[in-house]
Amino acid sequence: MFTKKYPFTSIGVDDKIYDLYQEENDQVELEANYVEVNFFDWVISTFTLTEDQIAYLYSLGLEFALKNGQVLAYCFRHRLTVTLTKGDTALRSSKFIRREENVEATSQPGQDDLITGGVNYFIS
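So, here's what we can say about the structure. (Residues numbered from 1 in each chain as written. Predicted model: local features only at pLDDT ≥ 70, side-chain atom pairs only at ≥ 80, totals over all residues. Heavy atoms only, no water.)

Considerations on the pattern of salt bridges
Okay, step 1: The tally for this structure, following the rule as stated, stands at six salt bridges.
Okay, step 2: For R98, the salt bridge identified is with E100, shortest N-O distance 2.9 Å.
Okay, step 3: R98 gets classed as partly exposed once you look at its relative accessible area, which sits at 38%.
Okay, step 4: Here the salt bridges do not stand alone but share partners, grouping E29, E36 and R77 into one network. (Salt bridge = Lys/Arg side-chain N within 4 Å of Asp/Glu carboxyl O. Buried < 20%, exposed > 50% of the residue type's maximum accessible area, 1.4 Å probe, protein only.)

See the structure below:
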């Protein structure tokens, strides 16, 4: 599952998601299960982070980890887009992470749901 670390950049997240979605469904499901219950560990194992970034990640708390683990697991299971946008650090007054979800599900009797969209993480 964690054979390589990706840079914690927009391109790094794109590359990780691309590589993950090239895998078979059972491998994607394993990763979805892992991120769902071990969000912090998944981020740290997947991306190259500084000690300050790791400390900031943990400072966001358990509720942040639980919710974002669920969101990412859902995206993985449905092979939805996951992106990262980083703001200009010179323009920020405080550091924050905003999760922007745009998921659409269409359900019909006797058919699998059609699920599209994804999530973007904006880091100031």
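Having seen the model, we can carry on.
A word on the sheet that holds strand β5 (residues 114-123)
Okay, step 1: If you trace the three strands from one edge of the open sheet to the other, you get β3-β5-β4, paired in mixed fashion. In this open sheet, the two edge strands, each paired with only one partner strand, are β3 (81-86) and β4 (97-106). Strand-to-strand twist in this sheet, taken as the mean axis angle between neighbours without regard to direction, amounts to 10 degrees.
Okay, step 2: Judged from the ten bridges that link them, β4 and β5 form a sheet pairing that is antiparallel. (Pairing = 2+ DSSP bridges. Helix = DSSP H or I, 4+ residues; strand = E, 2+ residues; numbered from the N terminus. Axes fitted to C-alpha atoms, helices over the stretch in contact; angles between N-to-C directions.)

Things to note about the packing of aromatic side chains
Okay, step 1: Applying the stated criterion to the full structure yields seven aromatic pairs.
Okay, step 2: Taking the centre distance of 5.5 Å and the plane angle of 65 degrees together, the rings of F8 and F47 count as edge-to-face. A residue pair is termed long-range when its members are at least 10 positions apart, and F8 in the loop between β1 (6-7) and α1 (10-21) and F47 in strand β2 (residues 47-48) qualify at 39 residues.
Okay, step 3: Of the residues examined, F47 reaches a relative accessible area of 4% and is grouped as buried.
Okay, step 4: Between the aromatic rings of F96 and F122, the centroid separation amounts to 6.0 Å while the plane-to-plane angle is 35 degrees, which identifies the pairing as tilted. Of this pair, F96 sits in the loop between β3 and β4 while F122 is found in strand β5, placing the two residues 26 residues apart along the sequence.
Okay, step 5: F96 gets classed as partly exposed once you look at its relative accessible area, which sits at 33%. (Phe/Tyr/Trp six-rings, centres within 6.5 Å; stacked < 30°, edge-to-face > 60°.)

Don't take any of this as a statement about function, it's just geometry.
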